[in-house]
Number of protein chains: 2
Amino acid sequence: MPGKVVVLAGGVGAARFLQGLAAVIPAEDITVIGNTGDDLEVHGLCVSPDLDTVTYTLAGVVDPAQGWGIAGDTFECLDHLEKLGGETWFRLGDRDLATHIYRTSLLRGGLPLSDVTARIGRSLGVRSRILPMSNDPVRTWLETDQGRLDFQTYFVKHQARDQVNGVEFIGAESAQPAPGVAGEILTARAVIVAPSNPIISIGPILAVAGIRDALRETKASVAAISPIVAGRALKGPTARMMEGLGMEASALAVAELYRDFADFFVLDRQDATSSGRVEALGMKPVVTDTVMASALVKKELARATLRAMES
Amino acid sequence: MPGKVVVLAGGVGAARFLQGLAAVIPAEDITVIGNTGDDLEVHGLCVSPDLDTVTYTLAGVVDPAQGWGIAGDTFECLDHLEKLGGETWFRLGDRDLATHIYRTSLLRGGLPLSDVTARIGRSLGVRSRILPMSNDPVRTWLETDQGRLDFQTYFVKHQARDQVNGVEFIGAESAQPAPGVAGEILTARAVIVAPSNPIISIGPILAVAGIRDALRETKASVAAISPIVAGRALKGPTARMMEGLGMEASALAVAELYRDFADFFVLDRQDATSSGRVEALGMKPVVTDTVMASALVKKELARATLRAMES
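1. Topic: the overall build of chain A
On a plain count of helices and strands, chain A comes out with 13 helices and 14 strands. Taken over the C-alpha trace, chain A has a radius of gyration of 18 Å; the compact-globule value for 311 residues is 19 Å, and the two agree within 12%. Along the three orthogonal principal directions, the C-alpha set of chain A runs to about 60 × 45 × 40 Å. Out of the 311 residues in chain A, the part that is buried amounts to 55%.

In structure tokens form, the structure reads like this:
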């Protein structure tokens, strides 16, 4: 089958799905478009958490327990930084730190993030293409009951405890898609929205001018996978965040967010009763197991999604 | 005895002397004025090798075998950086890296280097005052047979193999002494030039406008300790560098460089025959053991230097 399978991806949830996808099609046939709304500067270093999670996962070096960071990483630097009085709530392992040092040094040297991301992937042996949604900075800010917070302060420092009442993607309006992003979507054989948080993982990608248009225009089938199962999030604060924003925390509410460009909507067997209403939104429902508790489920989810799109 | 003992210091040789000095007088009574001509940016991080060597040594955490870096440090970050394709000739340990990350973040936040250095010292439990010679950037560049090289490229990357024909301290002319530097020299009870390379460790300090004047003006006795013993350097490329610059590699040639402000010159027993010529330069010779092979010799060198100055 010619053409690439393009995946819109957030962090851990998307990376788990990509593990399954890379087990059923050649890694070279996968292009990932990654969220950079969560990017931040830590101690002057440029950190791209979602891109790194995807890269480490596809490189096979991700910490399997937490789903992010490098397996077996040590924390000598961070422990010493704590001794010096530096802020250490953002947990940077020693090996992980090398990625940020390398990225920062290349970015400061003038290389765009897409080239930097490609270099890091290549160095770690990743055969899929990983593209940031944009080379321009887009930053996710949240209105919460604790005030206006940047994403990582909300997510890591406050451990996603605060009530979210609003979301903003600063810079998204003027940001251009990174070179290759629109082209990959338009020429793909299939486009999949990974089971990531639709608000703060997929939301920033869709907010970059031109990406949503490309998704509507592409001749490829587009499928979105629900990160909500039986009203609960597969991972993280998705459900609570959706409710805070006045939505229902349901697969159907996620489907509504993607109805203008998605042809297929993948939902869990536990939500099979929503199939009719997904269909009423104009999408073909694909009912399967989406709780990626094992390598087998990840693989089967990827296979079922592709099979539906290519039938 | 009131007043501070002020020590002009380069890196490892000076730090070894300071270990001895801190064993014979209270650490609180010592002020170090450190060379920053060797400072550099590595991967966007601000590194101050000489200040760190002095700080780690006085904090008791220095690697005793190499005389710099932190004892027991690991190199996970650097090893990963190498895998990514980054430059790794400047050996940064994981804990050491925390110092550079912390310093860089404070400097970028607008704190002057002298405050940053004080904070790092305090966090590591250092009770002596450590001052950079200047908060303004001064950079040592060398004319060599391999071209014009910054200090660390010459010293670390090329392992000090190249023939040095000229030395330049970029920025020294317009640099101001850091707050406290001139005052500490002028109000000291004694000033000691550590047994460091007179060209590239002490040279930059003396090149900062006002520091040499303060050394000439202070009412305190000033002693300089020879880093050259029997025509050889105690450490590093001092002897070869002096020859390359048309000097003799001898204790006497070092004495000549300091004759305008030094009252005492400390030389090794092996060079006792130069005593008369040191005296002819207008300095009182102090002959003792200067090869700091043990804690005892370090202590005795400090004690003999102070005793001569305070008798």
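Let's pick the thread back up.
2. Some thoughts on the relation of the copies chain A and chain B
Of the transformation superimposing chain A on chain B, the axial component is 0.0 Å and the angular component is 180°, with the fit at an RMSD of 0.0 Å. The transformation relating the two chain copies, once decomposed into turn and shift, fits a two-fold axis. In terms of proximity to the rotation axis, the leading residue of chain A is Asp94(A), whose C-alpha is 3.2 Å off the axis. Of all interface residues in chain A, 100% are interface residues in chain B too; the two copies therefore contact each other through one and the same surface.

3. Considering the environment of Thr238(B)
Residue and element names in this part refer to chain B. Examined against the element boundaries, Thr238 turns out to sit in helix 10 (residues 238-244). With 201 residues separating them along the chain, Thr238 and Gly37 place their C-alpha atoms 16 Å apart. Beyond its immediate stretch of four places on either side in the chain, Thr238 contacts Asn197, Pro227, Ile228 and Ala233.

4. Overview of the sheet that holds strand 9 (residues 190-193) of chain A
All names here are of chain A. Strands sit in the order 5-2-1-9-10-13-14 across an open sheet of seven strands; the sheet is parallel. Looking along the sheet, the strands with just one partner apiece sit at the ends: strand 5 (129-132) and strand 14 (284-288). This sheet shows a mean twist of 20° between the axes of neighbouring strands, independent of strand direction. Looking at chain direction, strand 9 and strand 10 (residues 221-225) are connected through four bridges and run parallel. Paired with Val193 across the bridge in strand 10 is Ala224. Here helix 13 (residues 295-310) sits on the sheet and contacts strand 9, strand 10, strand 13 (264-268) and strand 14; the angle it forms with strand 14, its principal contact strand, is near 155°.

5. Quick look at the nonpolar core
In this structure, Val7(A), Leu18(A), Ala223(A), Ala262(A) and Phe265(A) are the most contacted members of the largest nonpolar core, which totals 88 residues. Looking at this core, the element that brings in the most residues is helix 1 (residues 12-24) of chain A, giving seven residues. If we ignore the near neighbours within four places in the chain, the residues touching Leu18(A) are Val7(A), Ala9(A), Ile30(A), Val32(A), Val54(A), Thr57(A) and Leu58(A). One finds Leu18(B), Leu58(B), Leu131(B) and Met309(B) within the second-largest nonpolar core, a separate group that totals 87 residues.

6. Quick look at the environment of Met133(A)
Residue and element names in this part refer to chain A. Relative to the elements of secondary structure, Met133 occurs in the loop between strand 5 and strand 6 (139-144). Separated by 125 residues in the primary sequence, Met133 and Leu8 place their C-alpha atoms 8.8 Å from one another. Contacts of Met133, omitting those with residues within four sequence positions, involve Ile33, Gly34, Asn35, Thr36, Pro177, Ala178, Val181, Pro204, Ile205, Val208 and Ile211.

7. Some points on the interface of chain A and chain B
If you look at the interface, chain A gives 24 residues, while chain B gives 24 residues. When contributions to the side of chain A that touches chain B are tallied by element, the ones reaching two or more residues are helix 3 (76-84), helix 4 (94-108) and helix 5 (113-123) of chain A. Looking at the side of chain A that touches chain B, the element that brings in the most residues is helix 4 of chain A, giving ten residues. Its residues assigned to classes, the side of chain A that touches chain B shows eight nonpolar, ten polar and six charged.

8. A look at the packing of helix 1 of chain A against helix 13 of chain A
Residue and element names in this part refer to chain A. Look at helix 1 against helix 13: their axes get within 7 Å of each other, and the N-to-C directions meet at 70°. As the angle between them shows, helix 1 and helix 13 are arranged roughly perpendicular. Handedness of the helix 1/helix 13 crossing: right-handed. Contacts from Arg16, Phe17, Gln19, Gly20, Leu21, Ala23 and Val24 in helix 1 reach Lys298, Lys299, Leu301, Ala302, Arg303 and Leu306 in helix 13. In the contact of helix 1 with helix 13, the residues fall into seven nonpolar, two polar and four charged.

9. A look at the packing of helix 1 (residues 12-24) of chain B against helix 2 (residues 49-59) of chain B
Residue and element names in this part refer to chain B. It is at 9 Å that the axes of helix 1 and helix 2 come closest, and there the two elements cross at 30°. Comparing the axis directions of helix 1 and helix 2 gives the class roughly parallel. In this structure, helix 1 meets helix 2 at a crossing whose hand is right-handed. Residues Val12, Ala14, Ala15, Leu18, Gln19 and Ala22 of helix 1 form the contact with helix 2, whose own contacting residues are Thr53, Val54, Thr57 and Leu58. Of the residues belonging to the contact of helix 1 with helix 2, the class tally is seven nonpolar, three polar and no charged.

10. A look at unusual backbone geometry
Residue and element names in this part refer to chain A. Positive phi outside glycine occurs at His43, with the angle close to 50°. Of note, His43 is situated in the loop between strand 3 (40-42) and strand 4 (45-47). Residue His43 is classed as buried on the basis of its C-beta count, with 25 C-beta atoms lying within 10 Å. For Ala160, which is not glycine, the phi torsion reads 55° and is therefore positive. Inspection of the secondary structure assignment puts Ala160 in the loop between helix 6 (151-157) and strand 8 (164-170). Taking the C-beta count within 10 Å as the criterion, Ala160 has 17 such neighbours and is therefore assigned partly exposed.

About the cut-offs
Residues numbered from 1 in each chain as written. Chains lettered and ligands numbered in written order. Predicted model: local features only at pLDDT ≥ 70, side-chain atom pairs only at ≥ 80, totals over all residues. Helix = DSSP H or I, 4+ residues; strand = E, 2+ residues; numbered from the N terminus. Rg over C-alpha atoms; globule rule 2.2 N^0.38 Å. Buried ≥ 20, exposed ≤ 12 C-beta atoms within 10 Å, placed from the backbone. Least-squares fit on C-alpha atoms with pLDDT ≥ 70 in both. Contact = placed C-beta atoms within 7 Å. Pairing = 2+ DSSP bridges. Axes fitted to C-alpha atoms, helices over the stretch in contact; angles between N-to-C directions. Core = buried A, V, L, I, M, F, W, Y, C linked by C-beta atoms within 7 Å. Nonpolar A, V, L, I, M, F, W, Y, C, P; charged D, E, K, R; others polar. Parallel < 35°, antiparallel > 145°, perpendicular 65-115°, else oblique. Left-handed = near helix turned anticlockwise from the far one by under 90°.

So, to be careful, I would describe these as geometric facts and stop short of saying anything about function.
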